[in-house]
Amino acid sequence: SQTIHQWPATLVQPVGSPLSLECTVEGTSNPNLYWYRQAAGRGLQLLFYSVGIGQISSEVPQNLSASRPQDRQFILSSKKLLLSDSGFYLCASTPWPQRKAFFGQGTRLTVV
Amino acid sequence: EDKVVQSPLSLVVHEGDTVTLNCSYEVTNFRSLLWYKQEKKAPTFLFMLTSSGIEKKSGRLSSILDKKELFSILNITATQTGDSAIYLCAINNAGNMLTFGGGTRLMVKP
């Protein structure tokens, strides 16, 4: 079965510092991969999705970028964090031919 | 573009009440509709619905899909404080793309 590894679980970073969150998938190949951000008590905001290596679609213009250097690796980055980047970040996967989504454990990012 | 709308946005009930959460959608090529429960961490899977009119049930939770009218409902009977969470509905289309609704925040008071 599929497993998603996402780390770290929590992160406190100063404003202006860089960010790198990594998500790796096991147990499947060529999944669609997603990065979501969630404010407290709110739904999931789609940030990026990828249908294959090097293929990234951005849903919301912002201070963040994403990359998919390998089939089962999805990275979320920022060169300089803003206070507004604080939130709960989730990596998700929809592996073919399964019809449901799988999630990583999430990263709670606080920018101070 | 696929679209998922959940209602209500938030809901406060007392223990023992029954609640119905709604999810309506627009999708080009439907594969599945998914319900998740999210407390403080990652969402946990509740139901996957692919066919109309077949109720899925798990304890006090149940869900049904209407592919003609393009909606699904999630019912929770005899609510408990542990049911307090955000409930998320999502559509998976034929291109294996996922679209989430904005979620319903449920608070169950003792």
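Criteria and cut-off values
- Residues numbered from 1 in each chain as written.
- Chains lettered and ligands numbered in written order.
- Predicted model: local features only at pLDDT ≥ 70, side-chain atom pairs only at ≥ 80, totals over all residues.
- Heavy atoms only, no water.
- Helix = DSSP H or I, 4+ residues; strand = E, 2+ residues; numbered from the N terminus.
- Contact = heavy atoms within 4.5 Å.
- Disulfide = S-S within 2.5 Å.
- Buried < 20%, exposed > 50% of the residue type's maximum accessible area, 1.4 Å probe, protein only.
- Polar contact = N/O pair within 3.5 Å; in protein donor to acceptor, adjacent residues only side chain to side chain.
- Salt bridge = Lys/Arg side-chain N within 4 Å of Asp/Glu carboxyl O.

A. The environment of Leu88(B), seen in detail. Here Leu88(B) shows up in strand β9 (residues 85–93). Considering only alpha carbons, one finds Leu88(B) and Lys41(B), 47 residues apart in sequence, at a separation of 13 Å. Every residue in contact with Leu88(B), bar those within four places of it in the chain, is listed here: Gly43(A), Leu44(A), Gln6(B), Leu34(B), Trp35(B), Tyr36(B), Gln38(B), Pro43(B), Phe100(B), Gly101(B) and Gly103(B).

B. Main features of the state of the cysteines. Here the structure, examined in full by the defined rule, presents two disulfides over all chains. Residue pairing for Cys23(A): its cysteine sulfur links by disulfide to Cys91(A), the two sulfurs lying 1.9 Å apart. Measuring handedness by torsion sign, the sulfur bridge of Cys23(A) and Cys91(A) sits at about -65° and is left-handed. Here Cys23(A), found in strand β3 (residues 19–26), pairs with Cys91(A), found in strand β9 (residues 87–94); they are 68 residues apart in sequence, far enough to count as distant. The pair Cys23(A) / Cys91(A) is uniform in exposure class, with both members buried. One disulfide in the model links Cys23(B) with Cys89(B); its S-S distance is 1.9 Å. Residues Cys23(B) and Cys89(B) are joined through a disulfide that is left-handed, its torsion about the S-S bond being -70°. You can see Cys23(B) sitting in strand β3 (residues 19–26) and its partner Cys89(B) sitting in strand β9, a full 66 residues away along the chain. Taking relative accessible area as the criterion, Cys23(B) reaches 1% and is therefore assigned buried.

C. Focus on the side chain of Gln38(A). Of note, Gln38(A) is situated in strand β4 (residues 32–38). Polar contacts involving the side chain of Gln38(A) include one to the side chain of Gln38(B), which spans 2.6 Å. Once residues within four sequence positions are removed from consideration, Gln38(A) is found in contact with Gly43(A), Leu44(A), Gly87(A), Phe88(A), Leu90(A), Gln38(B) and Ile86(B).

D. Up close: unusual backbone geometry. Residue Trp7(A) is joined to Pro8(A) through a cis peptide bond whose omega torsion reads 0°. In this structure, Pro8(A) sits in the loop between β1 (3–7) and β2 (10–13). Cis geometry marks the peptide bond from Ser7(B) to Pro8(B), where omega comes out at -10°. At Leu70(B), a position not held by glycine, the phi torsion is positive, near 60°. The topology assignment puts Leu70(B) in the loop between β7 (61–66) and β8 (71–76). Residue Leu70(B) is classed as partly exposed on the basis of its relative accessible area of 33%. Look at Asn96(B): it is not a glycine, yet its phi comes out positive at around 65°.

E. Structural context of the environment of Phe102(A). Residue and element names in this part refer to chain A. Counting through the fold element by element, Phe102 comes out in strand β10 (residues 102–103). It is 19 Å that separates the C-alpha atoms of Phe102 and Arg42, two residues lying 60 residues apart in sequence. Among all residues touching Phe102, those that are not within four sequence positions of it are Gln2, Ile4, Cys91, Ala92, Ser93 and Pro95.

F. The arrangement of the interface of chain A and chain B in detail. With 24 residues of chain A in contact, the opposing surface of chain B contributes 23 residues. Counting the contacts that link chain A with chain B gives zero salt bridges. There are 13 residue pairs in polar contact (both at pLDDT 80 or more) connecting chain A and chain B. Looking at the side of chain A that touches chain B, the elements with two or more residues in it are β4, β5 (45–52) and β9 of chain A.

G. Representation of the pattern of salt bridges in the model. Residue and element names in this part refer to chain A. On inspection of all chains with the given rule, the structure shows four salt bridges over all chains. Arg37 is the salt-bridge partner of Asp85, the closest N and O atoms lying 3.7 Å from each other. Within this pair, whereas Asp85 is found in the loop between β8 (73–78) and β9, its partner Arg37 is found in strand β4, the two being separated by 48 residues in sequence. Considered together, Asp85 and Arg37 belong to a single accessibility category, that of buried residues.

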